[in-house]
Amino acid sequence: MRRYRHFFRVYRMKKITFVKMVASGNDFVVVDHRFSQKPALGSSLKSLARKICDRRQGVGSDGLLVIESIRGADARMRIINSDGSEAEMCGNGARCAALFLARHTPKHSKKKLFKIQTQAGIIQAEVSRDKIKVGLTAPKEIKEDLSVRIAGRMMRVNFINTGVPHVVVFGEGLDKIDVKSIGRQLRYHKRFMPRGTNADFVEVKSGDSIAIRTYERGVEDETLACGTGSVAGALIFALKSGCKGHVRVQ
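Residues numbered from 1 in each chain as written. Predicted model: local features only at pLDDT ≥ 70, side-chain atom pairs only at ≥ 80, totals over all residues. Heavy atoms only, no water.

Undergrad: How should I be thinking about a nonpolar patch on the surface in this particular structure?
TA: A cluster of nonpolar side chains, I16, F18 and V59, forms an exposed patch at the surface whose accessible area comes to about 210 Å². For I16, a relative accessible area of 30% puts it in the partly exposed group. (Patch = residues over 30% accessible without salt bridge, like charges linked within 9 Å, V, L, I, M, F, W, Y side chains within 5 Å. Areas by Shrake-Rupley, 256 points an atom, 1.4 Å probe, with all protein chains shown as cover. Salt bridge = Lys/Arg side-chain N within 4 Å of Asp/Glu carboxyl O. Buried < 20%, exposed > 50% of the residue type's maximum accessible area, 1.4 Å probe, protein only.)

What follows is the structure in structure tokens.
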């Protein structure tokens, strides 16, 4: 009998306690690293995110959220996308982080307001039972009516940074748009490199209502929702339409 022992390796298994959370369709694996006595996850985060976010061989999620202790805020939130890249900010992820802090920190059991440190800056979140509001960082880098060439034709787009970069494209027939293909081309377009961008496709439904579909950078696919993308679409819509009240986003 031939021996194949040398083809195999023995891997040490590591137990990781996590919580799976969903906000408006965005789903996350949340790991609490505030009180761990073990070394910081550090460089292993990229590999861990890829494995645990895999929808076939892992838990499955849009991203990994790591909650850490930090001075000057209730916690720091690190967002590791499913491809292993680290994002500056995530709106729905921040909502999950705030609810997590409220439910998993004894001294915060009655607290409603939280300060969360992100790479985009400190954001504030309000928790009222299962309803969570997040105040994003101020929008910046707003550029309207840019022309970019996609698939051999010129496309008019808008750009805004709501914590992470977003390209907003208005059009009709939202349900027929190939979000993955066109979104990926916008995401990697030279105009928005080296960071790349998320891509939001928006259809105006009424005077105060829009529908949106988003291709997310780092997930590299369309997601069911995007908090910073919804805000990006709403703000660009308000700028162009003159809407000064609430904007409803589907």
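Once you've had a look at it, read on.
Undergrad: Any chance you could explain the layout of surface pockets here in plain terms?
TA: The gaps left among the atoms become clear once a water-sized probe is rolled over them. Counted as a void, the largest pocket has a volume near 630 Å³. As for the largest pocket, its lining consists of 25 residues, of which C226, G227, S230, V231 and V249 are closest to the centre. If you list the elements that add at least two residues to the lining of the largest pocket, you get α2 (91-104), β8 (131-135), β13 (209-216), β14 (221-223) and α4 (227-241). When residues of the lining of the largest pocket are assigned to their parent elements, the largest contribution, four residues, is made by α4. Grouping the amino acids of the lining of the largest pocket by side-chain chemistry returns eleven nonpolar, ten polar and four charged. (1 Å grid on protein atoms, 1.4 Å probe; cavity = no way out; pocket = protein on both sides within 12 Å on 5 of 7 lines; lining within 4 Å. Points joined across faces, edges and corners; volume = space filled by probe spheres on them. Helix = DSSP H or I, 4+ residues; strand = E, 2+ residues; numbered from the N terminus. Nonpolar A, V, L, I, M, F, W, Y, C, P; charged D, E, K, R; others polar.)

Undergrad: Quick question: what am I supposed to make of the nonpolar core here?
TA: Buried together is how nonpolar side chains tend to be arranged in soluble globular proteins. Formed by 27 residues in total, the largest nonpolar core has its most connected members in V30, L65, I67, M77, I116 and V127. Broken down by secondary-structure element, the contributors of at least two residues to this core are β1 (19-23), β2 (26-32), β3 (63-68), β4 (75-81), α2, β6 (113-118) and β7 (121-128). Of all the elements, α2 adds the most residues to this core, at eight residues. Excluding anything up to four places from it in sequence, M77 contacts L65, V66, I67, M89, C90, G93, A94, A97, I116, Q117 and T118. Core analysis: the next-biggest nonpolar cluster, separate from the first, contains 17 residues, L146, I150, V167 and Y215 among them. (Core = buried A, V, L, I, M, F, W, Y, C linked by side-chain atoms within 4.5 Å. Contact = heavy atoms within 4.5 Å.)

Undergrad: Which parts of the structure should I look at to understand helix α1 (residues 44-53)?
TA: All of the buried residues in α1 are L45, L48, A49, I52 and C53. Buried residues of α1, viewed axially, fall in a sector of 105°; they line one side. Against the buried residues of α1 lie β2, β3 and β4. (Arc of directions from axis to C-beta.)

Undergrad: How do you make sense of the side chain of T118 when you look at a structure like this?
TA: Here T118 is to be found in strand β6. Polar contacts involving the side chain of T118 include one to the main-chain amide nitrogen of A120, which spans 3.1 Å. Within the structure, T118 has its side chain in polar contact with the backbone oxygen of G121 (distance 2.7 Å). Contact partners of T118, with chain neighbours within four places excluded, come to M77, E88, M89 and I123. (Polar contact = N/O pair within 3.5 Å; in protein donor to acceptor, adjacent residues only side chain to side chain.)

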